[in-house]
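Below are the chains, spelled out letter by letter.
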Amino acid sequence: QVQLVESGGGLVQAGASLRLSCAASGRTFSSYTMGWFRQAPGKEREFVAAIAWTGGSTYYAASVKGRFTISRDNARNTVYLQMNSLKPEDTAVYYCAADFRITAQGMAGVKNHDSWGQGTQVTVSS
């Protein structure tokens, strides 16, 4: 397994951008499909985006497609989530997750991931 630590959250106005980072420990990062999930107050955790362990495939929730971009840097053991045109409904705690060698689309349906981060708060004001 890998240990995950998110950073980059904050308070921004609608229309602004933020970039979240998720740093992973361990030497097998490149074998993990990485994903971002979020949980708003009173709501269930939901899938946001994933990038395959091969690095060539990404998958997005419909609500963020075209606004968010997931990427990874295997040399830095880090996955990023670039969030543009933020909306108040994007307000949530954002979590990073890792799953060993599954597809990016498959990660959206996984309930129990191999590893979770502690989360970072993103608040978008109107």
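Notes on the structure in this doc start here.

Definitions and cut-offs
- Residues numbered from 1 in each chain as written.
- Predicted model: local features only at pLDDT ≥ 70, side-chain atom pairs only at ≥ 80, totals over all residues.
- Heavy atoms only, no water.
- Helix = DSSP H or I, 4+ residues; strand = E, 2+ residues; numbered from the N terminus.
- Rg over C-alpha atoms; globule rule 2.2 N^0.38 Å.
- Buried < 20%, exposed > 50% of the residue type's maximum accessible area, 1.4 Å probe, protein only.
- Contact = heavy atoms within 4.5 Å.
- Polar contact = N/O pair within 3.5 Å; in protein donor to acceptor, adjacent residues only side chain to side chain.
- Salt bridge = Lys/Arg side-chain N within 4 Å of Asp/Glu carboxyl O.
- Disulfide = S-S within 2.5 Å.
- Pairing = 2+ DSSP bridges.

**Quick notes on the overall build of the protein**
When its secondary structure is counted, the protein shows one helix and 11 strands. The N-to-C order of helical and strand elements in the protein reads β-β-β-β-β-β-β-β-β-α-β-β. Taking 2.2 N^0.38 as the reference for a compact globule, 126 residues should give roughly 14 Å; the C-alpha atoms of the protein span a radius of gyration of 13 Å, in line with that estimate. Reported as C-alpha extents along the three principal axes, the dimensions of the protein are approximately 40 × 25 × 25 Å. Going through the 126 residues of the protein one by one, you find that 44% of them count as buried. Counting contacts in the protein only where the partners sit at least 6 residues apart, residues at least 24 apart contribute 60% of the total.

**Examining the environment of T120**
As for its position among the elements, T120 is in strand β11 (residues 120-125). Each C-alpha atom of the pair T120 and A92 lies 8.5 Å from the other, and the pair is 28 residues apart in sequence. Leave out the neighbours within four places in its chain, and T120 touches E6, S7, G8, G9, L20, A92, V93 and Y94. At 3.2 Å, the side chain of T120 and the backbone nitrogen of G9 are in polar contact.

**With respect to the pattern of salt bridges**
A full pass over the atoms with the stated rule returns four salt bridges. Ionic pairing is found between R76 and D73, a salt bridge with its closest N-O pair at 3.3 Å. On the accessibility criterion, R76 (60% relative accessible area) is exposed.

**With respect to the state of the cysteines**
Here the structure, examined in full by the defined rule, presents one disulfide. Each disulfide pairs two cysteine sulfurs, and for C22 the partner residue is C96, the sulfurs being separated by 2.2 Å. Torsion about the S-S bond of the C22 and C96 cystine: about -80°, corresponding to left-handed handedness. Taken as a pair, C22 in strand β3 (residues 18-24) and C96 in strand β9 (residues 92-100) lie far apart in primary sequence, 74 residues in all. The class of C96 is buried, set by a relative accessible area of 0%.

**A closer look at the pairing of β9**
Across the nine residues that make up β9, a large majority, seven, are buried. Note that strand β4 (residues 32-39) and β9 share eight bridges and pair antiparallel. When the bridges of β9 are listed, M34 appears paired with A98. The pairing of β9 with strand β10 (residues 115-116) spans two bridges and is classified as antiparallel.

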